[in-house]
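# Residue-level structural notes
Next come the chains, spelled out residue by residue.
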Amino acid sequence: MKDLRLMKGNEAVSEAAIRAGVDGYFGYPITPQSEVLEYLMLERPEKRTGMVVLQAESEIAAINMVYAGAGAGKMVFTSSSSPGISLKQEGITYIAGAELPCMILNVVRGGPGLGTIQPAQSDYFQAVKGGGHGDYKLIVLAPASVQEMYDFVQLSFDLAFKYRTPVMILSDGAIGQMMEKVEIGEQKVRLTDAQVKERCPWATTGKDANRERNIITSLDLDSNKQEIFNHKLQAKYKEIDKNEVRFEEIQTEDAEYIFVAYGTSARICQKSVELAREKGIKVGLLRPITLFPFPHKRLLELSKQVKGMLTVEMSAGQMIEDVKLAVECSIPVEHFGRLGGIIHSPEEVVEALEQKFL
Amino acid sequence: MAENKINNDIVKEENLVYKKTDLLTDKALSYCPGCGHGTAHRLVMEVIEELNAQEETIGVAPVGCSVLAYEFMDIDMQQAAHGRAPALATALKRLYPEKYVFTYQGDGDLAAIGTAETIHACNRGENITIIFVNNGIYGMTGGQMAPTTLPGMKSSTSPYGRDVESMGAPMKMTELVAQLPGTYFVTRQAVHTPAAVRKAKKALKKAFENQKLKKGLSFVEIVSNCNSGWKMTPIQSNEWMVENMFPFYPLGDIKVPEE
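Residues numbered from 1 in each chain as written. Chains lettered and ligands numbered in written order. Predicted model: local features only at pLDDT ≥ 70, side-chain atom pairs only at ≥ 80, totals over all residues.

Take the overall build of chain A next. If you tally the helices and strands in chain A, you get 14 helices and 15 strands. In summary, chain A has a C-alpha radius of gyration of 21 Å against a globular reference of 21 Å for 358 residues, a match within 12%. Dimensions of chain A, computed from the C-alpha atoms along their principal axes, are close to 70 × 50 × 40 Å. Per-residue burial over chain A gives 55% buried out of 358 residues. (Helix = DSSP H or I, 4+ residues; strand = E, 2+ residues; numbered from the N terminus. Rg over C-alpha atoms; globule rule 2.2 N^0.38 Å. Buried ≥ 20, exposed ≤ 12 C-beta atoms within 10 Å, placed from the backbone.)

Right, dumping it as structure tokens:
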């Protein structure tokens, strides 16, 4: 029988992590994601699976704990919300530079600065374009339901270990806080230290006589070597771009216009598609599930079919830049979105479509 | 010029009085001649060798002069962002409770940018060893003022001497962490004389052995010289350290576990 539960998005992430056999979580409270840490503390995963849970002294300490755990081959993650994710950027760029697998959850709230505690999608640039210093990218997954919050935990770790790269789940305060039905998966057994050694021969698991010492670092004072490493990273991102694009399409077959939206905005646009079609406007929705890699090929194909695209984001317009690049500016691409933690209504989205295109 | 002749007859195993530990790699140290880091590195590696713990140890290198410590220590190591070494060590020990975990940090790393990580790792009583090499200056970046720079001491960012009124007084991190219930063993050592080296090694060994007792954090400060940063010869710098650093940072145990 299916194990179905009514859960908050944040709680679903925590339960999914325990079930995926994650080894450690390191976090710091911030609204609207504190339930991740609260749920883990309440569930006593140290008793359920032996998972380590620690409330760190800061987001900076937490992400550096993740760096160390990942560098030692363990499955580790952290979570925060926008201001806290800004603090974590130092650690994230070191993690990317040392090519370490881990998951980072951002339950986005409105900014800039302390901003608001209400949901927003204004951290797109930070998540997708790097975030910290240096040439690097994260794989970015955008869940649009509590079920996807659950499912993307396992997916994140699969991708992170496949490519030795940090993966970000870019959620928002709405999906983190809302409760939905979730299908819970099987409990996986955590890897033993011997299995970790085998899966991650590069990790600092203790130097034995059979190998050279392992070093986790992002430092190379020799620019020639650093350049070679930079090219290696870029080649990896190309590979990810080739293999890992994920998206969902709704009623695009006969569409004359397309909404491009992810996460909460995509949920709203589903309703907007219905409303617009009732009015006789042929609209479809493309929902990127991976924000990096971005579904640029599919968007380019769709640009041959449709008259225009409307990106709907709870921001001043960030993903729109990637949509314009994807369609090579061959058709009009417009943006609509509410700011400051306000979620647009399906009607507002349809109105925007009519105003901008009809 | 007279030819230097080596008497190969005496180079025999039974005449061996000193041998570099195999846990130090053969790479030439990047430290300035006269600097205490080389000796401190050797002691840490000798202790790990004596504990037969090469396979059981994970070290954390900081940002600073010892950023490349992993080039010289033949054990698994991670390089931390500036100041974050105690956070790394926390996670390593929590995920591998049976391993020896240590950080090797300078005074800028540990007492300025990493103050929060240091205090909280100590306060949680993480079962790790923190080795704190204090030379009162930022060596690697070229001799800037550190949180530990003495009053009146000149550096490239206190060219007229550290003015306590505007720049603050030097911080005694070791005394500070000794106040926290999570620290088990806190001591201050030096490596400028053979006697000091022997004492420092004893303290380091105890600090590693304590990890097996699982009673909390061991914190070993090593007051050291920075002849380059202080603009002195190695000998002058050691004399200056004895005359000026030691009165402010007195050597000895600060917190000793009750037997």
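Counting its regular elements, chain B contains ten helices and nine strands. Relative to a compact globule of 259 residues, whose C-alpha radius of gyration would be 18 Å, chain B shows 19 Å and is just as compact. C-alpha atoms of chain B, sized along the principal axes, occupy 60 × 50 × 35 Å. Classification of the 259 residues of chain B by burial places 51% in the buried group. In chain B, 68% of the contacts between residues at least 6 apart in sequence involve partners at least 24 apart. (Contact = placed C-beta atoms within 7 Å.)

With that out of the way, let us pick up the sheet that holds strand β9 (residues 252–255) of chain B. The eight strands lie next to each other as β9(A)-β2(B)-β1(B)-β3(B)-β4(B)-β8(B)-β7(B)-β9(B), forming an open sheet whose pairing is mixed. Where the open sheet ends on each side, the last strands, each with one partner, are β9 (215–216) of chain A together with β9 of chain B. Direction of pairing for strand β7 (residues 183–190) of chain B relative to β9(B): antiparallel, over a ladder of three bridges. By the bridge assignment for β9(B), B:Arg188 is matched with B:Gly252. (Pairing = 2+ DSSP bridges.)

The next subject is the interface of chain A and chain B. Taken together, the contact between chain A and chain B spans 30 residues of the former and 28 residues of the latter. Broken down by class, the residue content of the side of chain A that touches chain B amounts to twelve nonpolar, eleven polar and seven charged. Bridge analysis of β9(A) against strand β2 (residues 76–79) of chain B gives two bridges, and the strand direction is parallel. The residue of β2(B) that forms the bridge with A:Ile216 is B:Gln78. (Nonpolar A, V, L, I, M, F, W, Y, C, P; charged D, E, K, R; others polar.)

For the rest of this paragraph, the subject is the confidence of the model for chain B. When pLDDT is averaged along chain B, the result is 95; 97% of the residues meet or exceed 70. Taken together, the chains of this predicted complex give a pTM of 0.96 and an interface ipTM of 0.96. (pLDDT = per-residue confidence, 0-100.)

Here we come to the pairing of strand β1 (residues 57–61) of chain B. All names here are of chain B. When you tally the buried positions in β1, you get five out of five residues, the bulk of the element. Side-chain alternation along β1 places Thr-57, Gly-59 and Ala-61 on one buried face and Ile-58 and Val-60 on a second face that is also buried. The pairing of β1 with strand β3 (residues 100–106) spans four bridges and is classified as parallel. Pairing of Gly-59 across the sheet is with Phe-102, part of β3. Two strands pair when backbone bridges link them, and β1 and β2 are joined in this way by four bridges, in the parallel orientation. By the bridge assignment for β2, Ala-61 is matched with Gln-79.

Residue and element names in this part refer to chain B. Following both chains from N to C, one finds helix α1 (residues 37–50) and helix α8 (residues 194–213) inclined at 50°, their axes separated by 9 Å at the closest point. As judged from the angle between their axes, α1 and α8 are oblique. Considering how the two elements wind past one another, α1 and α8 form a crossing that is right-handed. Of the residues in α8, those touching α1 at Thr-39, Leu-43, Val-44, Glu-46, Val-47 and Glu-50 are Val-197, Ala-200, Lys-201, Leu-204, Lys-205 and Phe-208. Of the residues belonging to the contact of α1 with α8, the class tally is seven nonpolar, one polar and four charged. (Axes fitted to C-alpha atoms, helices over the stretch in contact; angles between N-to-C directions. Parallel < 35°, antiparallel > 145°, perpendicular 65-115°, else oblique. Left-handed = near helix turned anticlockwise from the far one by under 90°.)

Moving on to the domain arrangement of chain A. Residues and elements named next belong to chain A. Domains assigned within chain A are domain 1 (3–194) and domain 2 (247–357). Counting from both sides, the interface comprises 25 residues of domain 1 and, opposite them, 20 residues of domain 2. Of all the secondary structure elements, the ones that give two or more residues to the side of domain 1 that touches domain 2 are α6 (124–128), β6 (139–141), β7 (166–172) and α8 (173–177). It is α6 that contributes the most residues to the side of domain 1 that touches domain 2, four residues altogether. For the side of domain 1 that touches domain 2, a count of residues per class yields 16 nonpolar, six polar and three charged. (Domains from an automatic or database assignment.)

With that out of the way, let us pick up unusual backbone geometry. Residue A:Pro32 is bonded to the preceding A:Thr31 through a cis peptide linkage, with omega at 5°. Relative to the elements of secondary structure, A:Pro32 occurs in the loop between β2 (24–27) and α2 (34–43). Of note, the bond from A:Gly111 into A:Pro112 is cis; its omega dihedral lies within 30 degrees of zero at 0°. You can see A:Pro112 is positioned in the loop between β5 (102–108) and α6. Unusually for a residue other than glycine, B:Asn52 sits at a positive phi of about 55°.

All right, on to the sheet that holds strand β11 (residues 257–260) of chain A then. Sheet strands associate in pairs through backbone hydrogen bonding, adopting either a parallel or an antiparallel arrangement. Residue and element names in this part refer to chain A. Pairing within the open sheet is mixed, and its five strands lie in the order β10-β12-β11-β14-β15. Of all the strands in the sheet, just β10 (247–250) and β15 (333–336) have a single pairing partner and so form its edges. On average, each strand axis in the sheet is tilted by 20° relative to the strand beside it, whichever way the strands run. With four bridges joining them, β11 and strand β12 (residues 283–288) adopt parallel strand pairing. Bridging from a neighbouring strand, Val-260 pairs with Leu-286 of β12.

A separate point is α8(B). All names here are of chain B. Taking 1.5 Å of rise per residue, the 20 residues of α8 would be expected to cover 28 Å, and the 29 Å separating its terminal C-alpha atoms lies within 8% of that figure. Turning to α8, its buried residues number three or more, namely Ala-200, Lys-201, Ala-203, Leu-204, Ala-207, Phe-208 and Gln-211. Summarising the axial view, the buried residues of α8 lie within an arc of 165°, below the 170-degree limit, and thus occupy one face. Looking at α8, the residues exposed on the side facing more than 90 degrees away from the buried face are Pro-194, Ala-195, Arg-198, Lys-212 and Leu-213. Positive phi shows up at Lys-214, right after α8, with a value of about 55°. (Expected span 1.5 Å × (residues − 1). Arc of directions from axis to C-beta.)

Residue and element names in this part refer to chain A. Here helix α1 (residues 9–19) crosses α2 at 45°, and the two axes come no closer than 8 Å. Here α1 is positioned oblique relative to α2, judged by the angle of their axes. You can see that α1 and α2 cross each other, and the crossing is right-handed. Listed contacts from α2 to Asn-10, Glu-11, Val-13, Ser-14 and Ile-18 of α1 are Glu-35, Val-36, Tyr-39, Leu-40 and Glu-43.

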